[in-house]
Amino acid sequence: SWLPDLSDGEWWVHQLEGCEVRTLSGRILGVVREVIPNPANDLWVAVDDEGRETLVPALADLLIDVDVDARTIVVDDVPGLTAPEEPPEETGD
């Protein structure tokens, strides 16, 4: 209660840790275990049940919804970042 209020789109680290991260399409990336401060933007480390880490950049274009009260974060599907990359198409050689 002694922490100052933050502007919209800003959160304290302790509010983010433990939040479940999922993509807009419903793919669960894991739970935020750590926030890595970075000069350009923070990186949120989401770890799934199998121990896979996904680094989620805290960018307005990527974050769809952050609800710290519900402990959920929804991010956009970005191939190679939050969504599996599409396999290359086979050519008929």
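Computed from a predicted model, the values in this text were never measured in an experiment.

A. How the structure looks around the sheet that holds strand β3 (residues 43–47). Overall, mixed pairing links the 6 strands, which are arranged β4-β3-β2-β1-β6-β5 in an open sheet. In the strand order of this sheet, the two ends are held by β4 (53–57) and β5 (63–67), each with one partner. Strand after strand, the sheet turns through a mean of 30 degrees between neighbouring axes, direction not considered. Where strand β1 (residues 20–23) and strand β2 (residues 28–36) come together, 3 bridges link them in antiparallel fashion. When the bridges of β2 are listed, Val21 appears paired with Gly30.

B. Seen up close, the nonpolar core. Counting 15 residues, the largest nonpolar core has Leu16, Val21, Trp44, Val56, Val66, Ile73 and Val75 as the members making the most contacts within it. Sorting the residues of this core by element identifies β2, β3, β5 and β6 (72–75) as the ones contributing at least two each. Here this core gets 3 residues from one element, more than from any other, and that element is β2. Aside from chain neighbours lying at most four places away, what touches Val66 is Trp11, Leu16, Trp44, Thr72 and Ile73.

Reading guide: rules and limits
- Residues numbered from 1 in each chain as written.
- Predicted model: local features only at pLDDT ≥ 70, side-chain atom pairs only at ≥ 80, totals over all residues.
- Heavy atoms only, no water.
- Pairing = 2+ DSSP bridges.
- Helix = DSSP H or I, 4+ residues; strand = E, 2+ residues; numbered from the N terminus.
- Axes fitted to C-alpha atoms, helices over the stretch in contact; angles between N-to-C directions.
- Core = buried A, V, L, I, M, F, W, Y, C linked by side-chain atoms within 4.5 Å.
- Buried < 20%, exposed > 50% of the residue type's maximum accessible area, 1.4 Å probe, protein only.
- Contact = heavy atoms within 4.5 Å.

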